[in-house]
Amino acid sequence: GAVVSQHPSWVICKSGTSVKIECRSLDFQATTMFWYRQFPKQSLMLMATSNEGSKATYEQGVEKDKFLINHASLTLSTLTVTSAHPEDSSFYICSARQGAETQYFGPGTRLLVL
Amino acid sequence: DQQVKQNSPSLSVQEGRISILNCDYTNSMFDYFLWYKKYPAEGPTFLISISSIKDKNEDGRFTVFLNKSAKHLSLHIVPSQPGDSAVYFCAGTSGSARQLTFGSGTQLTVLP
């Protein structure tokens, strides 16, 4: 299957700082990428849909000014958690859609905000 | 409103036997379904998918069945192997954005 990478795989930061997570499709171009968040023992919750060259579409309840998404190229989308707080601690996962249907997921980024 | 439901949070199966993971959905607009496997602290791995115009799709040990009238799909793994132990998510998709709506997952444990 297609390969999607995420960087960093884990990050610890102080409250109030900003953290950037990168998502790359390594062997295909993705006009659409998605950002998810997973809390312990829960399913993946879609945060936003990232479209190359245009603004991201955020799901209801997700603050677009807090979770900044940039999809600058067909192989890279970034999620920046601005002014992170402990409640933002979570497992963030991106996916990239190849073709019409199948999304391939990155390995995830564990964020811990102290 | 949970559009995709996996009512069994866990399932244990003996090695070599069949594992059957079930998924129900309520959104009749879903036109494509996917199954993913996930280990802790990792991203989901795509397993198999099925279009709503089909009722069965097979890939090696994995077979997905779709019953549109019942809004039900299932994933069969045969024979089950200990390495199959993971959380399995089903997901439905529709619309132009093709966003995935996930179920809550089923933890499969294959006992040696």
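As a starting point, this report considers the structure included with it. (Residues numbered from 1 in each chain as written. Chains lettered and ligands numbered in written order. Predicted model: local features only at pLDDT ≥ 70, side-chain atom pairs only at ≥ 80, totals over all residues. Heavy atoms only, no water.)

1. Looking at the sheet that holds strand 1 (residues 4-5) of chain B
All names here are of chain B. The strand order across the open sheet formed by five strands is 1-3-8-7-6, and the pairing between neighbours is antiparallel. At either end of the open sheet lies a strand with only one pairing partner, and these are strand 1 and strand 6 (56-59). Bridge analysis of strand 7 (residues 62-67) against strand 8 (residues 72-77) gives six bridges, and the strand direction is antiparallel. For leucine 66, the partnering residue across the bridge sits in strand 8 and is leucine 73. (Pairing = 2+ DSSP bridges. Helix = DSSP H or I, 4+ residues; strand = E, 2+ residues; numbered from the N terminus.)

2. Notes on the pattern of salt bridges
Residues and elements named next belong to chain A. Scanning the model with the defined rule gives four salt bridges over all chains in all. For lysine 66, the salt bridge is made with aspartate 88, and the minimal N-O distance between the two is 2.9 Å. Here aspartate 88 lies in the loop between strand 8 (76-81) and strand 9 (90-98) and lysine 66 lies in the loop between strand 6 (57-58) and strand 7 (67-73), a separation of 22 residues in the sequence. No difference in accessibility class separates lysine 66 from aspartate 88, as the two residues are buried. (Salt bridge = Lys/Arg side-chain N within 4 Å of Asp/Glu carboxyl O. Buried < 20%, exposed > 50% of the residue type's maximum accessible area, 1.4 Å probe, protein only.)

3. A look at the state of the cysteines
What we call a disulfide is simply a covalent bond connecting the sulfur atoms of a pair of cysteines. One pass over the full model with this rule turns up two disulfides over all chains. Paired through a disulfide, cysteine 23 of chain A and cysteine 94 of chain A show a sulfur-sulfur distance of 2.0 Å. Judged by the sign of its S-S torsion, about 80°, the bond between cysteine 23 of chain A and cysteine 94 of chain A is right-handed. You can see cysteine 23 of chain A sitting in strand 3 (residues 19-25) and its partner cysteine 94 of chain A sitting in strand 9, a full 71 residues away along the chain. Across this residue pair, the class does not change: cysteine 23 of chain A and cysteine 94 of chain A are buried. With its sulfur 1.8 Å from that of its partner, cysteine 23 of chain B forms a disulfide with cysteine 90 of chain B. Taking the sign of the torsion about the S-S bond as the criterion, the disulfide between cysteine 23 of chain B and cysteine 90 of chain B, at about 65°, is right-handed. In this pair, cysteine 23 of chain B sits in strand 3 (residues 19-25) while cysteine 90 of chain B sits in strand 9 (residues 86-94), placing the two residues 67 residues apart along the sequence. Comparing cysteine 23 of chain B with cysteine 90 of chain B, the two get one shared label, buried. Considering cysteine sulfurs only, cysteine 94 of chain A is the nearest to cysteine 13 of chain A, which forms no disulfide, with 18 Å between them. Among the residues examined, cysteine 13 of chain A registers a relative accessible area of 9% and is labelled buried. (Disulfide = S-S within 2.5 Å.)

4. Quick look at the sheet that holds strand 7 of chain A
All names here are of chain A. Taken together, the four strands give an open sheet; going across it, the order is 1-3-8-7, and neighbouring strands pair in antiparallel fashion. Two strands close off the open sheet at either side, each with one partner strand: strand 1 (4-7) and strand 7. Between one strand axis and the next, the sheet turns by 15° as a mean value, whatever way the strands run. Across six bridges, the pairing between strand 3 and strand 8 is antiparallel. (Axes fitted to C-alpha atoms, helices over the stretch in contact; angles between N-to-C directions.)

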